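As a plain string of letters, each chain reads:
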Amino acid sequence: MKPKVYVETSIVSVLTSRPSRDVEQLAQQQYTLEWWDAANSKFELVISDFVLQEARLGDAVAAKARLDALRAATAVLDIDDAQAGALADILLK
C-alpha cells in the first residue's frame, strides 16, 4: 500500500496555471509538475471536498483544468468541518 499524501488546493492551482513570466514562479511551476508526475506512482494522492469546492472557484477554464487534474489522480477523504479545521491548524504552524 502506498503512503497517502494530502493535496491542498494551491498545489493543483500551481500545477494547472499558465506559465509565469517570473523566473522564480516558473521554476515553482516546473517543480510542481515534476513532483505531481512522480508522486502519482509513489503516493496515494488524496483531497477533501473542501479542495474540490475551492478548485471550482474562479475562471471556468482554470477551474476545469484544476478539477480534471484532481479527478485524474486523487481519492476524496470524508472529513468534516472540525477535522478540516484541525488540519488547517497543523498546516498553518
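All figures in this text were calculated on a predicted structure; none of them were measured in a lab.

Trainee: Lay out the pattern of salt bridges with the relevant residues and their values.
Mentor: For the structure shown, the criterion picks out 2 salt bridges. With a closest N to O distance of 2.7 Å, aspartate 68 and lysine 64 form a salt bridge. With aspartate 68 and lysine 64 both in helix H4 (residues 60-73) and 4 residues apart, the pair spans about one turn of that helix. Classification of aspartate 68 by relative accessible area gives partly exposed; the value is 35%. Between arginine 71 and aspartate 68 there is a salt bridge, with its nearest N and O atoms 3.6 Å apart. Of the two residues, arginine 71 and aspartate 68 are both situated in helix H4; the distance of 3 residues between them amounts to about one turn of the helix. For arginine 71, a relative accessible area of 59% corresponds to the exposed category. Among the charged side chains, a salt-bridge network with shared partners connects Lys64, Asp68 and Arg71.

Trainee: Describe the environment of leucine 52, and please don't skip the residues or the numbers.
Mentor: Relative to the helices and strands, leucine 52 resides in helix H3 (residues 49-55). The spacing of leucine 52 and arginine 71 is 19 residues in sequence and 9.5 Å in space, taken between C-alpha atoms. When residues no more than four places from it in sequence are discounted, the contact partners of leucine 52 are Ile47, Leu67, Leu70 and Val76.

Trainee: Run through the packing of helix H1 (residues 9-16) against helix H2 (residues 23-42), naming residues and quoting values.
Mentor: For the pair H1 and H2, interaxial distance at closest approach is 8 Å and the crossing angle is 110°. When the axes of H1 and H2 are compared, the pair comes out roughly perpendicular. Across the interface between the two elements, Ile11, Val14 and Leu15 from H1 touch Gln28, Gln29, Thr32, Leu33, Trp35 and Trp36 from H2. Broken down by class, the residue content of the contact of H1 with H2 amounts to 6 nonpolar, 3 polar and no charged.

Trainee: Describe the environment of threonine 16, and please don't skip the residues or the numbers.
Mentor: Following the sequence through the fold, threonine 16 ends up in helix H1. When its relative accessible area of 26% is taken as the criterion, threonine 16 is described as partly exposed. Sequence separation between threonine 16 and aspartate 80 is 64 residues, and the spatial gap between their C-alpha atoms is 27 Å. For threonine 16, the contacting residues outside a window of four places in its chain are Ala65, Arg66 and Ala69.

Trainee: Describe the sheet that holds strand E3 (residues 74-77), naming the residues involved and giving the relevant values.
Mentor: Taken together, 3 strands build an open sheet; the order of strands is E1-E2-E3 and the sheet is parallel. Looking along the sheet, the strands with just one partner apiece sit at the ends: strand E1 (4-6) and E3. The average angle at which neighbouring strand axes cross in this sheet is 40°, direction not considered. Alignment of E1 against strand E2 (residues 44-48), held across 3 bridges, turns out to be parallel. What sits directly across from valine 5, in E2, is leucine 45. Strand contacts of H4: E2 and E3, with the helix running at about 90° to E3, the strand carrying the most contacts.

So, how was this worked out
Residues numbered from 1 in each chain as written. Predicted model: local features only at pLDDT ≥ 70, side-chain atom pairs only at ≥ 80, totals over all residues. Heavy atoms only, no water. Salt bridge = Lys/Arg side-chain N within 4 Å of Asp/Glu carboxyl O. Helix = DSSP H or I, 4+ residues; strand = E, 2+ residues; numbered from the N terminus. Buried < 20%, exposed > 50% of the residue type's maximum accessible area, 1.4 Å probe, protein only. Contact = heavy atoms within 4.5 Å. Axes fitted to C-alpha atoms, helices over the stretch in contact; angles between N-to-C directions. Parallel < 35°, antiparallel > 145°, perpendicular 65-115°, else oblique. Nonpolar A, V, L, I, M, F, W, Y, C, P; charged D, E, K, R; others polar. Pairing = 2+ DSSP bridges.

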